[in-house]
Amino acid sequence: MFHKDGLEPIVRELHRLGVHLYSTGGTQEFIEGLGVKVTPVEDLTTYPSILGGRVKTLHPKVFGGILGRRDLDSDVAQLEEYHIPPIDLVIVDLYPFEATVAKGGSEEAIIEKIDIGGISLIRAAAKNHRDVVIIAAQAQYAELLRMLKEQDGATTLDQRRSLAATAFGVSSHYDGAIHNWFTQGEGDLRLSAGPTTVLRYGENPHQQGAFHGNLRGMFTQLNGKELSYNNLLDLDAAVELIDDLATIKGVPFAILKHNNACGAAVRPTVKEAWDAALEADPVSAFGGVLITTARIDKATAEAIDTIFFEIIAAPGYEAGALDVLKKKKNRMILERKPADRSKVKVRTALNGVLTEDCGHCGCQRRLHAPGDDKGTERAGGQ
């Protein structure tokens, strides 16, 4: 397992339950460091880790123990014949392929983060979920620990089936990321956006809605009600606009409503940018979404607080500014984090999907003439 955070209480609970543990490499050392007995996989397979760790668990004594069907006499007989112990729980945390790509790793480093043994363990355990529990990611550690404690080490078939579905989702997402890296967007579309957040409703109250992706990786919500489907559409348009404006010297500020800009400006300070953006169309700004690339100071917060708005997004808020903005309990206050946006835009069309590049790869629109640093305003109505 690549990440060990959250693993200790699981190891200790399994030890309390009398579970025999097998592990490899760094995870084995981690478990031994807790004073818990663990059998190296090499002792089970009688084969060492080879090729710089590329081959550790790919062995019949490991996969036989996972894939053996407990209710099939022939499988049970073969497990006994070849001295293969049944394995009831598999915990995997895959090599961080996407994180290595995101950090600009070398091709060699990226290739070495393509997990082979881990992904094989996940698929094997998920396939045999009638008998085996599969934990395919660190995010599931807390769920496993809860089940172990509350159910005294037992699990239900429904629970194992649910965990298997999640595991195949992890596997699919991982393989999709690898495919996309190899093809660089020129092959068949492989889309896996990440965790799903069910929303109150879709664009209209009678529609169901969900967001697929790591929204917490882009924003921390500091105040207000849960973001809605339409809020997220407005935020997407706001982020796209403000990132365009950020190519201009100065501090950008934008106000949007229903995906359209009511006003936008770039000025030397955040307060001046706010004032100019609001001046473009103060009527349409009512109930809008506010966004900037600068920290909000108290003076700007007090100016903003004079109008009704739904959402504000900024990289930070200075002392006193949050107290002003939080006076309205439903006002959604977001702190934007440094996070890459998708390089491909996707939407459904007819019986398929349409894609296009995002237009943010060195080809952003210039909103002012070269040499003009006075700033730019956009005005628009609903």
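Residues numbered from 1 in each chain as written. Predicted model: local features only at pLDDT ≥ 70, side-chain atom pairs only at ≥ 80, totals over all residues. Heavy atoms only, no water.

Draft legend 1. Broad picture of the packing of helix α1 (residues 8-16) against helix α9 (residues 141-150). In contact at an axis separation of 10 Å, α1 and α9 are set at 25 degrees when each is read in the N-to-C sense. Taken together, the axis directions place α1 and α9 in an arrangement best described as roughly parallel. Along this stretch, α1 crosses α9, giving a crossing that reads as left-handed. Together, P9, I10, E13 and L14 of α1 and Y141, L144, L145, L148 and K149 of α9 make up the contact between the two elements. (Axes fitted to C-alpha atoms, helices over the stretch in contact; angles between N-to-C directions. Helix = DSSP H or I, 4+ residues; strand = E, 2+ residues; numbered from the N terminus. Parallel < 35°, antiparallel > 145°, perpendicular 65-115°, else oblique. Left-handed = near helix turned anticlockwise from the far one by under 90°. Contact = heavy atoms within 4.5 Å.)

Draft legend 2. Geometry of the nonpolar core. If you look at the biggest cluster of nonpolar residues, it comprises 45 residues, and the most contacted ones within it are I10, I66, V90, F97 and I134. Per element, the largest residue contribution to this core is seven residues, and it comes from helix α10 (residues 157-183). Contacts of I66, omitting those with residues within four sequence positions, involve I87, V90, L121, A124, A125, N128 and V132. Judged by nonpolar contacts, the second largest core, of 27 residues, contains F253, W274, I296 and Y317. (Core = buried A, V, L, I, M, F, W, Y, C linked by side-chain atoms within 4.5 Å. Buried < 20%, exposed > 50% of the residue type's maximum accessible area, 1.4 Å probe, protein only.)

Draft legend 3. Representation of the environment of I111. With respect to the secondary-structure elements, I111 resides in helix α7 (residues 107-112). When its relative accessible area of 27% is taken as the criterion, I111 is described as partly exposed. Along the sequence, I111 and T196 sit 85 residues apart, while their C-alpha atoms lie 28 Å from each other. Setting aside residues up to four positions removed in sequence, I111 forms contacts with R54, W181 and F182.

Draft legend 4. Expanded view of the pairing of strand β13 (residues 344-349). Of the pairings in the sheet, the one linking β13 to strand β14 (residues 352-357) comprises six bridges and is antiparallel in character. Bridge pairing in β14 places V344 opposite D357. Linking β13 back to β14 in an antiparallel pair, the connection comprises two residues, with L350 at a positive phi of about 55 degrees. (Pairing = 2+ DSSP bridges.)

Draft legend 5. Structural view of the pattern of salt bridges. Summed over all chains, the structure comprises twelve salt bridges. A salt bridge links R54 to E112; its shortest N-O distance comes to 2.4 Å. One end of the pair, R54, is in the loop between α3 (41-45) and α4 (60-67); the other, E112, is in helix α7, with 58 residues separating them in the sequence. Judged by relative accessible area, which is 35%, E112 ranks as partly exposed. (Salt bridge = Lys/Arg side-chain N within 4 Å of Asp/Glu carboxyl O.)

Draft legend 6. Representation of unusual backbone geometry within the structure. The backbone of N259 shows a phi angle near 70 degrees, a positive value even though the residue is not glycine. Of note in the backbone geometry, L350 takes a positive phi value of approximately 55 degrees without being a glycine. Along the chain, L350 falls in the loop between β13 and β14. Assessed through its relative accessible area of 92%, L350 is described here as exposed.

Functional significance is not addressed by these values, which are geometric in nature.
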